[in-house]
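This is what each chain is made of:
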Amino acid sequence: MKHLITFLLLAFAGSGWAAETVPLSTLDLSKMRQGWGTPQIDRSVTEILTPQPPRAPRINGAKVFGVRPGSPFLFTIPATGDRPMKFAADRLPKGLKVNPDNGQITGVLANRGEYQVILRAANALGKATRPFKIVCGDTLALTPHMGWNSWYIWENHVTDKVMRDAADAMVSSGMLNHGYIYVNIDDCWAVKPGSNDATLQGEPRDAQGKVNSNPRFPDMRALTDYIHSQGLKAGIYTSPGPLTCAGHVGAYQHEEQDVQRFAEWGFDFLKHDWCSYGEVVKNPDRAALQKPYRQISEMLRRQQRDIVLNLCQYGMGKVWEWGREVGGNSWRTAGDLGQTFEGIATGLFRDGFDVYSINQLHKFGGPGAWNDPDYLLLGYLSNWKGQTAPTPLTPNEQYTQVSLWCLVAAPLIFSGDMTRLDAFTLNLLCNDEVLEVDQDPLGKPGRRVAKTEDLEVWAKEMEDGSKVVGLFNRGEMEMTVAAKWSDLGIQEKQRVRDLWRQIGLGSFDQQFQASVPRHGVVLVRMWPLHRP
Ligand code: GLA
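Since we're looking at a predicted model, the values are computed, not measured.

### Here's the deal with the pairing of strand E11 (residues 126-136)
(1) Moving on: Across 4 bridges, strand E4 (residues 64-67) lies against E11 in parallel orientation. For Gly-66, the partnering residue across the bridge sits in E11 and is Val-135.
(2) Moving on: Here 11 bridges tie strand E10 (residues 113-123) to E11, and the two strands are oriented antiparallel to one another. Along E11, the bridge assignment pairs Glu-114 with Val-135.

Following this line, the structure appears as structure tokens:
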């Protein structure tokens with residue numbers, strides 16, 4: 001039996017077996033932006049592995065959620081299945097209520113504590129339930145953040161409309177039903193001193209010294225109200241320096257006013273990007289590297305609002321060793337993955353695989369504070385030449401990025417075009433068995449357990465005692481990759497499941513091996529055979 005399954009797996013992997021093959025057909029020329037964006041297609045067919053979710057309800061996403069006492073609460077029950085759907089929640093603590101039509105849980109919790117809730121969803125085809133733990137205390141981001149960020153597609157063209165369209169697409173594409181929740185503005189929403197573009201000009205600050213948005217964002221509060229009304233959360237960006245990396249106004253010497261402003265505007269997430277702070281402190285030692293982040297996190301904690309803090313300083317001073325201590329909920333571990341469009345694949349292997357392994361980053365991430373190797377560079381991206389283009393990552397490299405990010409419990413922040421989500425990209429972003437690896441409540445980042453030249457095996461321990469194992473091939477030729485029980489620290493026979501295809505592969509002893517295409521991955525989860 002075992003040999004038959006191994007043979008079938010090798011045959012399937014080798015023959016490019018796929019559940020479905022579809023044309024990349026969602027390109028809508030009517031949506032081409034004037035003077036910005038020349039879509040190109042570099043592939044006509046791509047291999048979709050993720051099966052469609054069932055039509056009966058299924059509740060997905062995080063199983064544990066952190067909130068602070070007194071802060072506005074918002075969690076939208078992520079559930080796939082036919083609409084209309086009705087939602088409920090048993091044993092919700094006092095102060096919270098659920099909207100039966102859209103699954104939004106809102107309110108305020110007065111008291112600290114852990115609350116075990118049962119989420120419910122029902123439609124014409126069935127019902128689903130799922131345990132959900134609310135932890136009211138000091139720690140946010142108990143699982144890695146999931147959402148979207150504007151940078152790699154919109155860079156300095158971001159507007160209020162772009163953000164609203166992204167929020168709409170988060171709902172209409174179904175991404176919300178898989179747990180994606182943050183809709184984050186990156187750089188370029190503030191005034192740009194010296195710009196001759198009228199839409200970037202204006203008073204940088206108001207009479208109280210609080211930062212103003214530029215004319216592309218006429219009413220930030222209205223924008224976050226809109227994002228929240230969709231059951232989503234809103235993120236913003238600034239720098240501890242006088243200017244952001246793209247030369248817009250930063251928070252330097254106005255930190256308190258700006259944090260207050262972000263809270264008044266209703267933001268839920270802040271990316272704090274080092275940028276021109278490098279001019280303020282030259283050759284910073286560790287204390288100087290920490291100072292602006294400590295300061296901003298203390299200010300954020302004083303707000304009556306939960307604002308997740310993302311440290312962006314490209315890994316300087318081994319930020320992973322102290323990112324949590326200074327109040328970060330995540331920290332970028334390296335420079336920009338998509339610094340150049342052509343270099344994304346190189347960056348993926350360098351920053352995703354090597355920076356992580358060399359620095360043993362699995363030791364540092366965990367509930368409340370995560371390693372962030374940058375965004376998911378899938379779908380349509382800016383090519384930095386005034387055009388948009390499909391990601392230069394091959395389909396196998398795209399599976400590799402999502403698989404690795406989930407194995408290392410990285411934030412899953414997509415940064416491609418939300419208005420041009422094709423079926424292949426949604427298949428990458430919305431596989432619930434793969435996402436469960438990232439969102440596992442144990443929050444234990446995986447690590448590389450074996451490497452032989454171009455072949456790598458990575459493993460992550462899951463809360464239920466299972467292991468998730470990634471078989472990666474960084475080489476140029478298809479190769480067989482073996483995950484040996486001795487490398488995984490297990491002895492007994494294992495039941496193995498292919499997570500991308502969502503199929504059981506049978507039981508295996510001593511090792512599991514599969515043929516893995518160039519720059520590709522096979523991602524499996526394994527449970528000791530004697531367990532259910
Ligand atoms: C830096 C950051 C990027 C992005 C840009 C914006 O390069 O690392 O993620 O925020 O700044 O200017």
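### Comments concerning the site of the ligand
(1) Moving on: As a matter of local geometry, the ligand sits amid Trp-151, Asp-186, Asp-187, Tyr-237, Cys-245, Ala-246, Lys-271, Asp-273, Cys-312, Tyr-314, Arg-332 and Asp-336.
(2) Moving on: One of the side-chain nitrogen or oxygen atoms of Asp-187 is found 2.7 Å away from an oxygen atom of the ligand.
(3) Moving on: Side-chain polar atom of Asp-273 to an oxygen atom of the ligand: 2.9 Å apart, as the coordinates give it.
(4) Moving on: Coverage of the ligand by the protein chains reaches 92% of its 300 Å² of free accessible surface.
(5) Moving on: The residue makeup of the shell around the ligand, split by class, is 6 nonpolar, no polar and 6 charged.

### Structural notes on unusual backbone geometry
(1) Moving on: The amide bond that connects Arg-83 to the next residue, Pro-84, takes the cis arrangement and shows omega of 0°.
(2) Moving on: Mapped onto the secondary structure, Pro-84 falls in the loop between strand E6 (79-80) and strand E7 (86-90).
(3) Moving on: We note that Arg-91 has phi near 60°; this positive angle belongs to a residue other than glycine.

### What about the packing of helix H9 (residues 344-358) against helix H10 (residues 395-407)?
(1) Moving on: Where H9 contacts H10, the two axes come as close as 11 Å, and the packing angle between them is 20°. One finds that H9 runs roughly parallel with respect to H10. Of the two elements, H9 crosses H10, and the hand of that crossing is left-handed. Between H9 and H10, the contacting residues are Ala-345, Leu-348, Phe-349, Gly-352 and Phe-353 on the first element and Glu-397, Thr-400, Gln-401, Leu-404 and Trp-405 on the second.
(2) Moving on: Each residue belonging to the contact of H9 with H10 can be placed in one class, and the counts come to 6 nonpolar, 3 polar and 1 charged.

### Comments concerning the sheet that holds strand E8 (residues 96-98)
(1) Moving on: Taking strand neighbours across the sheet as the criterion, the 3 strands line up as E5-E9-E8 in an open arrangement whose pairing is antiparallel. Strands at the two margins of the open sheet, each flanked by one partner only, are strand E5 (72-76) and E8. On average, adjacent strands in this sheet sit at an angle of 15° to one another, irrespective of strand direction.
(2) Moving on: Across 5 bridges, the pairing between E5 and strand E9 (residues 104-108) is antiparallel. Bridge pairing in E9 places Thr-76 opposite Gln-104.

### Some remarks on the nonpolar core
Across soluble globular proteins, you tend to see nonpolar side chains buried next to one another.
(1) Moving on: Counting residues in each nonpolar core, the largest one holds 106 residues, and the members touching the most others are Trp-148 and Trp-189.
(2) Moving on: When neighbours within four sequence positions are excluded, Trp-189 is seen to be in contact with Val-211, Asn-212, Ser-213, Asn-214, Phe-217, Met-220, Ile-236, Tyr-237, His-248, Phe-262 and Trp-265.

### Side note on the packing of helix H5 (residues 255-265) against helix H7 (residues 286-301)
(1) Moving on: At a minimum axis distance of 10 Å, the contact between H5 and H7 shows a crossing angle of 45°. By the angle between their directions, the pair H5 and H7 is classed as oblique. The chirality of how H5 crosses H7 is right-handed. Note on element contacts: H7 touches H5 through Gln-295, Ile-296, Met-299 and Leu-300, opposite Glu-255, Glu-256 and Val-259.
(2) Moving on: Considering only residue class, the contact of H5 with H7 consists of 4 nonpolar, 1 polar and 2 charged.

### Details of the environment of Ile-307
(1) Moving on: With respect to the secondary-structure elements, Ile-307 resides in the loop between H7 and strand E16 (308-312).
(2) Moving on: For Ile-307 and Asp-225, which are 82 residues apart along the polypeptide, the C-alpha to C-alpha distance reads 15 Å.
(3) Moving on: Non-local contacts of Ile-307, meaning those with residues more than four positions away in its chain, are made with Leu-140, Ala-263, Phe-267, Asp-268, Phe-269, Leu-270, Leu-300 and Asn-329.

### Some thoughts on the confidence of the model for the chain
Reading predicted coordinates in detail is not appropriate for stretches of low pLDDT.
(1) Moving on: Averaged over all residues, the pLDDT of the chain is 92; the fraction at 70 or higher stands at 91%.
(2) Moving on: Across residues 1-45, confidence stays below pLDDT 50; counting only partners more than four residues off in sequence or on other chains, it has 89 contacts.

### Notes on the sheet that holds strand E14 (residues 233-238)
(1) Moving on: The sheet built from 8 strands is open, its strands ordered E18-E17-E16-E15-E14-E13-E12-E21 with parallel pairing. Whereas interior strands pair on both sides, the edge strands pair on one side only; in this sheet they are strand E18 (370-372) and strand E21 (412-414). The average undirected angle you get between the axes of adjacent strands in this sheet is 25°.
(2) Moving on: Relative to strand E17 (residues 330-332), E16 runs parallel, the two sharing 2 bridges.

### What about the pattern of salt bridges?
(1) Moving on: Overall, the coordinates contain 38 salt bridges when judged by the stated rule.
(2) Moving on: For the salt bridge of Arg-261 with Asp-206, the shortest nitrogen-to-oxygen distance reads 3.3 Å. Within this pair, whereas Arg-261 is found in helix H5, its partner Asp-206 is found in the loop between strand E13 (182-184) and helix H4 (220-229), the two being separated by 55 residues in sequence.
(3) Moving on: Between Arg-448 and Glu-456 there is a salt bridge whose closest N-O contact spans 3.1 Å.
(4) Moving on: When its relative accessible area of 23% is taken as the criterion, Arg-448 is described as partly exposed.
(5) Moving on: Judged by its relative accessible area of 0%, Glu-456 is buried.

### A look at the pairing of strand E27 (residues 503-508)
(1) Moving on: Bridging between strand E26 (residues 494-498) and E27 involves 5 bridges; their strand directions are antiparallel. Looking at E27, one finds that Arg-495 is bridged to Ser-507.
(2) Moving on: Linking two consecutive strands that pair antiparallel, namely E26 and E27, is a turn of 4 residues; a positive phi of about 55° is found at Gln-502 within it.

### Regarding the packing of aromatic side chains
(1) Moving on: Counting across every chain of the model gives 20 aromatic pairs.
(2) Moving on: Judged by centre distance (5.7 Å) and plane angle (45°), the ring pair of Trp-151 and Trp-384 falls under tilted. Here Trp-151 is found in helix H2 (residues 151-154), whereas its partner Trp-384 is found in the loop between strand E19 (380-382) and strand E20 (388-390), with 233 residues between them in sequence.
(3) Moving on: By relative accessible area, which is 31% here, Trp-384 ends up partly exposed.
(4) Moving on: Grouping aromatic residues by their ring pairs yields a cluster made of Phe-349, Phe-353, Tyr-356, Trp-458 and Phe-472.
(5) Moving on: If you follow Arg-420 out to its NZ or CZ, it ends over the ring of Tyr-380, 4.2 Å from the centre.
(6) Moving on: When the ring centre of Trp-527 is taken as origin, the NZ or CZ atom of Arg-495, which lies over that ring, is 4.5 Å away.

What counts and what doesn't
- Within any chain, residue numbers begin from 1 and follow the written order of that chain's sequence.
- Confidence filtering applies because this is a predicted model: local features only for residues at pLDDT of at least 70, side-chain atom pairs given and counted only at 80 or more, and all residues used for totals across whole chains, interfaces and linings.
- The side-chain numbers reported here are obtained from all heavy atoms of the structure, hydrogens and water having been left aside.
- Two strands pair if DSSP finds at least two bridges between them.
- The helix and strand labels rest on DSSP assignments: H or I over at least four residues marks a helix, E over at least two residues marks a strand, and numbering proceeds from the N terminus.
- Any residue with at least one heavy atom within 4 Å of a molecule or strand is counted as near it.
- What qualifies as a polar contact is a pair of N or O atoms within 3.5 Å, subject to a donor-acceptor requirement within protein and to the restriction that residues adjacent in sequence count only when both atoms come from side chains.
- Areas reported here follow the Shrake-Rupley algorithm with a probe of radius 1.4 Å; residue values treat only the protein chains shown as occluding.
- Each residue is assigned to one of three groups, with Ala, Val, Leu, Ile, Met, Phe, Trp, Tyr, Cys and Pro labelled nonpolar, Asp, Glu, Lys and Arg labelled charged, and all others, Gly among them, labelled polar.
- All axes here are fitted lines through C-alpha atoms, helices being fitted over the stretch that makes contact, and every angle between N-to-C directions spans 0 to 180 degrees.
- Note on terminology: angles under 35 degrees are roughly parallel, angles over 145 are roughly antiparallel, angles of 65 to 115 are roughly perpendicular, and the others are oblique.
- In this scheme the handedness of a crossing depends on how the near helix is turned from the far one: anticlockwise by less than a right angle means left-handed, clockwise means right-handed.
- The contact rule is simple, with two residues in contact once any of their heavy atoms fall within 4.5 Å.
- Side-chain atoms within 4.5 Å are what join buried Ala, Val, Leu, Ile, Met, Phe, Trp, Tyr and Cys residues into a set we call a nonpolar core.
- Between buried and exposed lies partly exposed: a residue is buried under 20% and exposed over 50% of the maximum accessible area for its type, with that area taken using a 1.4 Å probe on protein chains only.
- By definition, pLDDT measures how confident the predictor is in each residue, and it falls between 0 and 100.
- Salt bridges are identified by distance alone: a Lys or Arg side-chain nitrogen within 4 Å of an Asp or Glu carboxyl oxygen.
- Aromatic pairing here means that ring centres of Phe, Tyr or Trp (its six-membered ring) are within 6.5 Å. Orientation follows from the plane angle: under 30 degrees is stacked, over 60 is edge-to-face, and everything else is tilted.
- Whether a charge lies above a ring is judged from NZ of Lys or CZ of Arg, which has to be within 6 Å of the ring centre and within 35 degrees of the ring normal.

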